[in-house]
Amino acid sequence: PYCDPVAPNSVSGTGASFRTQGCASHVTNDLTLTVTDLPPGKPGIFFYGPFQNQITFGNGWLCVGGAVTRVPTALFADPSGTVTYDVDLTQQPFASGPGQILPGSTWNFQFWYRDPAGGPSGFAASNGVRSVTP
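A. Main features of the state of the cysteines. Considering all chains together, one arrives at one disulfide under this definition. The partner cysteine of Cys 3 in its disulfide is Cys 63, sulfur to sulfur 2.1 Å. Taking the torsion about the S-S bond as the criterion, the Cys 3 to Cys 63 disulfide, at about -85°, is left-handed. Linking Cys 3 in the segment before β1 (17-21) with Cys 63 in strand β5 (residues 60-65), this pair joins segments that are 60 residues apart in sequence. Judged by relative accessible area, which is 6%, Cys 3 ranks as buried.

So, in structure tokens, the structure goes:
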């Protein structure tokens, strides 16, 4: 993880925390992205890019830079404020195009989410997570 401290949101007071589980290997293909401490029931999206940033973005930081790729599925935080996404490296946007994740590549992931009660911009983002594909 990088891009800390994460700006507090309207619910957790600590900000959204991003972590990964599994491996980004094309052989195992079992990478899971998880974000906790989100406002329950609010939508958000995962996105990723080749570089790291830490610039002002909404009520917090934009931690991902370069040609950013959005994971097309919008997700809603569950009642505990958690979102989980299983990455399938054989499917879009991971399998081809500018967001293709190739063996030996490094990518930086983040989660953007709505937080209307959290500040003037109405949105925030998690910390960033760096993942290296073996």
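Let us keep going from here.
B. Spatial organisation of the packing of aromatic side chains. For the structure shown, the criterion picks out nine aromatic pairs. With centroids separated by 5.5 Å and ring planes inclined at 20°, the aromatic side chains of Tyr 48 and Phe 94 adopt a geometry described as stacked. With Tyr 48 in strand β3 (residues 43-49) and Phe 94 in the loop between β8 (83-86) and β9 (106-114), this pair connects stretches of sequence that are 46 residues apart. The pair Tyr 48 / Phe 94 is uniform in exposure class, with both members buried. Through pairs of rings, three or more aromatic residues link up here, namely Phe 18, Phe 46, Tyr 48, Tyr 85, Phe 94, Trp 107, Phe 109 and Phe 111.

Conventions we followed
Residues numbered from 1 in each chain as written. Predicted model: local features only at pLDDT ≥ 70, side-chain atom pairs only at ≥ 80, totals over all residues. Heavy atoms only, no water. Disulfide = S-S within 2.5 Å. Helix = DSSP H or I, 4+ residues; strand = E, 2+ residues; numbered from the N terminus. Buried < 20%, exposed > 50% of the residue type's maximum accessible area, 1.4 Å probe, protein only. Phe/Tyr/Trp six-rings, centres within 6.5 Å; stacked < 30°, edge-to-face > 60°.

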